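Single-letter residue listing:
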Amino acid sequence: MSTKRNYDVVQIGRIADISRTVLNETLALTGSEVSINQLPSSGSIPFVHTHKENEEVYLILSGDGVFYIDGEEFPVTEGSIIRVDPSGERCMKAGSNGPLRFICIQAKANSLKQHTRNDGQIQGTKPSWLN
Ligand code: ZN
C-alpha cells in the first residue's frame, strides 16, 4: 500500500454562492483545469476567446442562455454539454430568467491516451458498504 495520499478533498460551499472558482491549485490538478462558474441574469463572459492547446467542455448545471461558437449562436439550458476545440471562438451569455451555472473542464486536446474502460482497474479492497 502506498504511503502517499492519493486524493484531495475540499468543501467549496454552496454552488449557488460561487461566481467563479478554479480548482487547479485547490485540488493540485495535473491534467485538466476545472472551474465552477456563474453568470448573473443577462450576464456574459466578457470576451470571445480561443485556446492554444486546450479543448473545453462546458456542462450547464442550471439556468439557460446562449452559446456562441465561430459566429453561430444556439440556446443552452440545464443539461446542455458543449465541447469546443481549442481554435473554436467561444462566448456564452445567460438568459434573463436567472443565473446560468456551469462547470468548465479543459484539457490538452488529443492528450487522452485511454478511457475508463481501459484505464480503470478494479481492486480487491472494499468500502464498508460493499460487504
Ligand atoms: Zn476557455
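Residues numbered from 1 in each chain as written. Predicted model: local features only at pLDDT ≥ 70, side-chain atom pairs only at ≥ 80, totals over all residues. Heavy atoms only, no water.

### A closer look at the coordination of the zinc ion
No. 1: Protein-derived coordination of the zinc ion comes from His 49 (NE2), His 51 (NE2) and Glu 56 (OE), at a distance range of 2.0 to 2.1 Å.
No. 2: Sequence positions of the donors to the zinc ion reduce to the motif H-x1-H-x4-E. (Donors = N, O, S within 2.8 Å, 3.2 Å for Na, K, Ca; no water.)

### As for the packing of aromatic side chains
No. 1: This structure, assessed with the given rule, holds three aromatic pairs.
No. 2: With 5.8 Å between their ring centres and 40° between their planes, Tyr 58 and Phe 102 make a pair best called tilted. Taken together, the residues span a long stretch of sequence, with Tyr 58 in strand β3 (residues 54-62) and Phe 102 in strand β8 (residues 100-108) at a distance of 44 residues.
No. 3: Of the residues examined, Tyr 58 reaches a relative accessible area of 3% and is grouped as buried.
No. 4: One aromatic cluster is present, built from ring pairs that chain together Tyr 58, Phe 67, Phe 74 and Phe 102.
No. 5: Here the basic side chain of Arg 5 rests over the ring of Tyr 7, its NZ or CZ set 4.6 Å away from the ring centre. (Phe/Tyr/Trp six-rings, centres within 6.5 Å; stacked < 30°, edge-to-face > 60°. Helix = DSSP H or I, 4+ residues; strand = E, 2+ residues; numbered from the N terminus. Buried < 20%, exposed > 50% of the residue type's maximum accessible area, 1.4 Å probe, protein only. Lys NZ or Arg CZ within 6 Å of the ring centre and 35° of its normal.)

### Examining the sheet that holds strand β7 (residues 90-94)
No. 1: Pairing in this open sheet of three strands is antiparallel, and the strands run β5-β4-β7 from one edge to the other. This sheet does not close on itself; its edge strands, each paired only once, are β5 (72-77) and β7. Each strand axis lies, on average, 25° off the axis of its neighbour in the sheet, ignoring direction.
No. 2: The sheet contact formed by strand β4 (residues 64-69) and β7 spans five bridges and is antiparallel. (Pairing = 2+ DSSP bridges. Axes fitted to C-alpha atoms, helices over the stretch in contact; angles between N-to-C directions.)

### Regarding the sheet that holds strand β1 (residues 20-22)
No. 1: Strand order in the open sheet formed by five strands is β1-β2-β8-β3-β6, and the pairing between neighbours is antiparallel. Both edges of this open sheet fall to β1 and β6 (81-84), since each of them pairs with a single strand only. The mean inter-strand angle of the sheet, taken between neighbouring strand axes irrespective of direction, is 15°.
No. 2: When strand β2 (residues 33-39) meets β8, the two strands line up antiparallel, connected through seven bridges. The residue bridging Ser 35 from the neighbouring strand is Cys 104, located in β8.

### Observations concerning the pattern of salt bridges
It is possible for side chains bearing opposite charge to pair when their charged atoms get close.
No. 1: One pass over the structure, following the stated rule, counts six salt bridges.
No. 2: Salt-bridge contacts for Arg 83 lead to Glu 55; the nearest nitrogen and oxygen are separated by 3.8 Å. In this pair, Arg 83 sits in strand β6 while Glu 55 sits in strand β3, placing the two residues 28 residues apart along the sequence.
No. 3: The partly exposed category is assigned to Glu 55, whose relative accessible area is 26%.
No. 4: The salt bridge partner of Glu 56 is Arg 90, with a shortest N-O separation of 2.7 Å. Of this pair, Glu 56 sits in strand β3 while Arg 90 sits in strand β7; the two residues are 34 residues apart in sequence, bridging distant segments of the chain. Summarising the burial analysis for this pair, Glu 56 and Arg 90 share the class buried.
No. 5: Overlapping salt bridges bring together Glu 55, Arg 83 and Asp 85 as one network. (Salt bridge = Lys/Arg side-chain N within 4 Å of Asp/Glu carboxyl O.)

### Topic: the side chain of Ser 80
No. 1: Relative to the elements of secondary structure, Ser 80 occurs in the loop between β5 and β6.
No. 2: Since its relative accessible area comes to 18%, Ser 80 is described here as buried.
No. 3: Residues within four places of Ser 80 in sequence aside, it is in contact with Tyr 58, Leu 59 and Ile 60. (Contact = heavy atoms within 4.5 Å.)

None of the figures reported here should be taken as evidence of function without further support.
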